[in-house]
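If you want the building blocks of each chain, they are given just below.
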Amino acid sequence: MTTSHGGPGAADVTLRSWPRLGDLALDTAQRGRVGVIVGVPGEEGSDWLTYHLRPIGGGTEWSAAADASTLQPVPSPVTHATALEGPVHDRPGRHWALKIRVHHEDGSEQNCPLILAEDQAWRLIAQIRDQAASRQGWTAADILADTDEPPDDLPHVAAFLEDLREIGENCASAASAASAPAAFFAWLASTLPVTSAASLVITHLLPGQMEFLSALGHTTRIAAVLPKPKSANEFVLEETARVYRCDELDRVRFADPDWLVGYIRSRAEGRRVVLVDIGGYFAPALQELCVRLPGQVAGVVEDTENGQRRYEALPELPCPVFSVARSPLKEPEDRLVGQAIVFSVETLLRHLGEVMQGRQACVLGYGKIGAGIAAALHSRHVRVLVLDTDPVRQAQALSVGYASADLTEALACSDLVFSATGNRALSAKHLPLLKEGAFLAGATSRDDEFDLGGLLEPGSGYLRSSILPGVSRIRSQNGRSFFLLGNGNAVNFLHTSAMGSAIHLVKAEMTVAAALLAEQPHLPGFYEVAPAQRASIAAAWVDMFGPRPGRHL
């Protein structure tokens, strides 16, 4: 809009919406000096050729050119934002768009679209839920769902807005989206309660598998991460230690109640504590632990079948134990573990100038991992024998085409022997039964798969020599020998045991179980995450990682 004011040369002076009387302005001609506009060109009582500015708090005024070319606005700090319309989810673009009104300290307002990458949207939901205690009924569906009546305010988002790379006059946008795993666990965190409980986390430290710690750290205070000794990648350990305290994991010490009580007291600092386990490390001392720390042990979350068996073997459970070992969300991981074990064995064989194809293999145990091993071997044109002491599983193996034999016959004819029972299926007495030059590999830790403790002791009758990293030749006094792979431990960890995105399913379920224990007390006993919660995890995982053009799992 233009208008004319009386006075010499005053015709056709443009009235600007900014700067106006009372506005803050930065004057570049005054080396960035900031002042309040106290006079504008053409206004009565002011010099019509210039703007007049006065320092904040008073002082000597100065002038600026009438075209305001040296003046820049000084934004008033954001106090809060309110939602104007329901949000829209752009699934292909993996972002949310929400029309908001930004409120400033000086009373001014600004309408703009807020464009968020998916992981930023989940964090915003979590922040709203955590900080708006008076609105505890809010959920993710309340904020980010198509609705005719969206929440009328989004309190306390100033800090979140400041974290965005750009808040322009017309938009506030995120420069880039985080990785899918980070977004997945950011979503998960948005669904979990924030508690005062601590957690001690026994875990593999492997590339691509650590994002769950962010969600677990949202619902509990991670007092320490305890890396599994045989599966701690050096780089991942270094990165994890920058964020969390990392302590040494030792099964002997964890079986000592006196040591473990002192350790938990020092790490939990009086908080209720959730014990996140892989392999039953807490089982031997759990009874004494709960007696000496009454009410402090919130419970255990166990990942593996072997670990669950250790807790099941206790005379009486002194606390609740959530297990994901038999969860349907763990089945993809177990199948992939079987494939990873065969991959690692094949890699070691090729380093020795050998191949798998055409060989005879024996798989001891036809659980989920054993079944995965058998399938991976079959796909490589390996002849497979399967042995399982459970007649149901043995029948399952036979029904899909695998052969069987008694243990003595199977060991005598097999070039490759895989033990996936978790129950010490082979001991020193079985070694003379192995075929000359056979390769022996385990699916879990050496102590769980093999009873070979005295193999290298004086008088055992065996000598060991290292052939290459991960391969040892064990030779008896009569000259017969076999190859022990991975020193008897889970051979897949020689090559990081890559699981892909499927690993996030079970990590998410474990995190949910930890949150359930942290949020409210449970009676002693075995628990599983509810089917509805598993379904929510699976649906979010499919949405985040499911096949789309140009995307690979």
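Details of the structure are given in the entry above.
Parameters at a glance
- Residues numbered from 1 in each chain as written.
- Predicted model: local features only at pLDDT ≥ 70, side-chain atom pairs only at ≥ 80, totals over all residues.
- Heavy atoms only, no water.
- Helix = DSSP H or I, 4+ residues; strand = E, 2+ residues; numbered from the N terminus.
- Contact = heavy atoms within 4.5 Å.
- Areas by Shrake-Rupley, 256 points an atom, 1.4 Å probe, with all protein chains shown as cover.
- Buried < 20%, exposed > 50% of the residue type's maximum accessible area, 1.4 Å probe, protein only.
- Pairing = 2+ DSSP bridges.
- Core = buried A, V, L, I, M, F, W, Y, C linked by side-chain atoms within 4.5 Å.
- Axes fitted to C-alpha atoms, helices over the stretch in contact; angles between N-to-C directions.
- Phe/Tyr/Trp six-rings, centres within 6.5 Å; stacked < 30°, edge-to-face > 60°.
- Parallel < 35°, antiparallel > 145°, perpendicular 65-115°, else oblique.
- Left-handed = near helix turned anticlockwise from the far one by under 90°.
- Nonpolar A, V, L, I, M, F, W, Y, C, P; charged D, E, K, R; others polar.
- Salt bridge = Lys/Arg side-chain N within 4 Å of Asp/Glu carboxyl O.
- Expected span 1.5 Å × (residues − 1).
- Polar contact = N/O pair within 3.5 Å; in protein donor to acceptor, adjacent residues only side chain to side chain.

On a plain count of helices and strands, the chain comes out with 17 helices and 28 strands. Taking the contacts inside the chain whose residues are at least 6 apart along the sequence as the reference set, 60% of them involve residues at least 24 apart. Surface accessibility of the chain: about 26,100 Å² in total, with carbon and sulfur atoms responsible for 52%.

What follows covers the pairing of strand β21 (residues 416-419). Burial along β21 is two-sided: the face carrying Leu 416 and Phe 418 and the face carrying Val 417 and Ser 419 are both buried. In terms of strand pairing, strand β19 (residues 360-364) meets β21 through 4 bridges, oriented parallel. In the sheet register, Val 363 faces β21, and the bridge partner there is Phe 418. Summarising the sheet, β21 and strand β23 (residues 439-442) pair through 4 bridges and their orientation is parallel. Across the sheet, residue Val 417 finds its bridge partner in β23, namely Leu 440.

If you trace the backbone, His 378 turns up in helix α12 (residues 368-379). When its relative accessible area of 53% is taken as the criterion, His 378 is described as exposed. Between the alpha carbons of His 378 and Gln 357 there is a distance of 9.3 Å; along the sequence they are 21 residues apart. Sequence-distant contacts of His 378, that is, excluding residues within four places in its chain, are made with Val 384 and Tyr 402.

With that settled, consider the nonpolar core. Grouped together as the largest cluster of nonpolar side chains are 76 residues, with contacts concentrated most on Phe 184, Val 345, Met 356, Ile 373, Leu 377 and Phe 418. Residues Val 261, Tyr 311, Leu 317 and Cys 319 belong to the second largest nonpolar core, which totals 30 residues.

Our next topic: the sheet that holds strand β6 (residues 62-65). Reading across from one edge, β6-β5-β4-β3-β7 is the order of the 5 strands in this open sheet, with antiparallel pairing throughout. The open sheet terminates on both sides in strands that have one partner only, identified here as β6 and β7 (71-73). The mean angle between the axes of side-by-side strands here comes to 50 degrees, regardless of whether they run parallel or antiparallel.

Next up on the list: the packing of aromatic side chains. One pass over the structure, following the stated rule, counts 12 aromatic pairs. Residues Phe 254 and Tyr 263 carry aromatic rings whose centres are separated by 6.0 Å and whose planes lie at 55 degrees to one another, so their mutual orientation is tilted. Just as Phe 254 is buried, Tyr 263 falls in that class too. Both rings, one in Phe 254 and one in Tyr 281, keep their centres 6.5 Å apart while their planes meet at 85 degrees; by these two values the pair is edge-to-face.

For Arg 31, which is not glycine, the phi dihedral falls at a positive 60 degrees. Along the polypeptide, Arg 31 turns up in the loop between β3 (24-27) and β4 (33-39). A relative accessible area of 85% means that Arg 31 is categorised as exposed. In this structure, His 381 is a non-glycine residue whose phi angle is positive, near 65 degrees.

Our next topic: the sheet that holds β21. One open sheet holds the 7 strands; their spatial order is β20-β19-β21-β23-β27-β26-β25, and the pairing between them is mixed. Each edge of the open sheet is held by one strand with a lone partner, namely β20 (383-387) and β25 (462-468). Here the strands of the sheet are splayed against their neighbours by 25 degrees on average, with no regard to which way each runs. Strands in contact with α12 are β19, β20 and β21; relative to β19, the strand with the most contacts, it is inclined by about 170 degrees.

The subject of this paragraph is the packing of helix α16 (residues 503-519) against helix α17 (residues 531-545). At their nearest, the axes of α16 and α17 sit 10 Å apart, and the two run at 140 degrees to each other. With respect to α17, the element α16 is oriented oblique. Seen from above, α16 lies across α17 with right-handed handedness. For the pair α16 and α17, the contacting residues are His 504, Leu 505, Ala 508, Glu 509, Val 512 and Leu 516 in the first and Gln 533, Arg 534, Ile 537, Ala 538, Trp 541 and Phe 545 in the second. Class assignment of the residues belonging to the contact of α16 with α17 gives a composition of 8 nonpolar, 2 polar and 2 charged.

Okay, the pattern of salt bridges next. Throughout the structure, instances matching the rule amount to 24 salt bridges. The closest approach of N and O atoms between Asp 247 and Arg 245, which form a salt bridge, is 3.1 Å. Under the relative-accessibility criterion, Arg 245 is labelled partly exposed at 46%. In this structure, Arg 267 engages Asp 247 in a salt bridge whose closest nitrogen and oxygen atoms are separated by 2.8 Å. Of this pair, Arg 267 sits in helix α8 (residues 257-268) while Asp 247 sits in the loop between α6 (234-241) and α7 (251-254), placing them 20 residues apart in sequence. Looking at Asp 247, the relative accessible area reads 13%, which means it is buried. The structure contains a network of salt bridges with shared partners spanning Asp 303, Lys 330, Glu 333, Asp 334 and Lys 368.

Moving on: α8. In an α-helix, one turn spans 3.6 residues; hence positions three or four apart end up facing the same way. For α8, which comprises 12 residues, the first-to-last C-alpha distance of 16 Å matches the rise-based estimate of 16 Å (1.5 Å per residue) to within 8%. Those residues of α8 that are buried lie in contact with β14 (198-205), β15 (221-232), α7, β16 (273-277) and α9 (286-292). The N-capping residue of α8, defined by a side-chain oxygen 3.1 Å from the backbone nitrogen of Asp 258, is Asp 256. Two residues or fewer after α8 comes Glu 269, characterised by a positive phi angle close to 55 degrees.

Across the interface, helix α4 (residues 180-191) lies against helix α5 (residues 212-219) with an axial gap of 8 Å and an inter-helix angle of 15 degrees. As far as their axial angle goes, α5 and α4 are roughly parallel. As α4 packs across α5, the resulting crossing turns out to be right-handed. For the pair α4 and α5, contact is made by Phe 185, Leu 188 and Ala 189 and by Phe 212, Ser 214, Ala 215 and His 218, respectively. Within the contact of α4 with α5, the residues separate by chemical class into 5 nonpolar, 2 polar and no charged.

What follows is about α12. Compared with the 16 Å implied by 1.5 Å per residue over 12 residues, the 17 Å span of α12 between its first and last C-alpha is a close match. Every buried residue belonging to α12 is among Gly 370, Gly 372, Ile 373, Ala 374, Ala 376 and Leu 377, and all of these are buried. Lining the buried residues of α12 we find α11 (331-351), β19, β20 and β21. Among the residues trailing α12, His 381 stands out with phi positive, at a value near 65 degrees.

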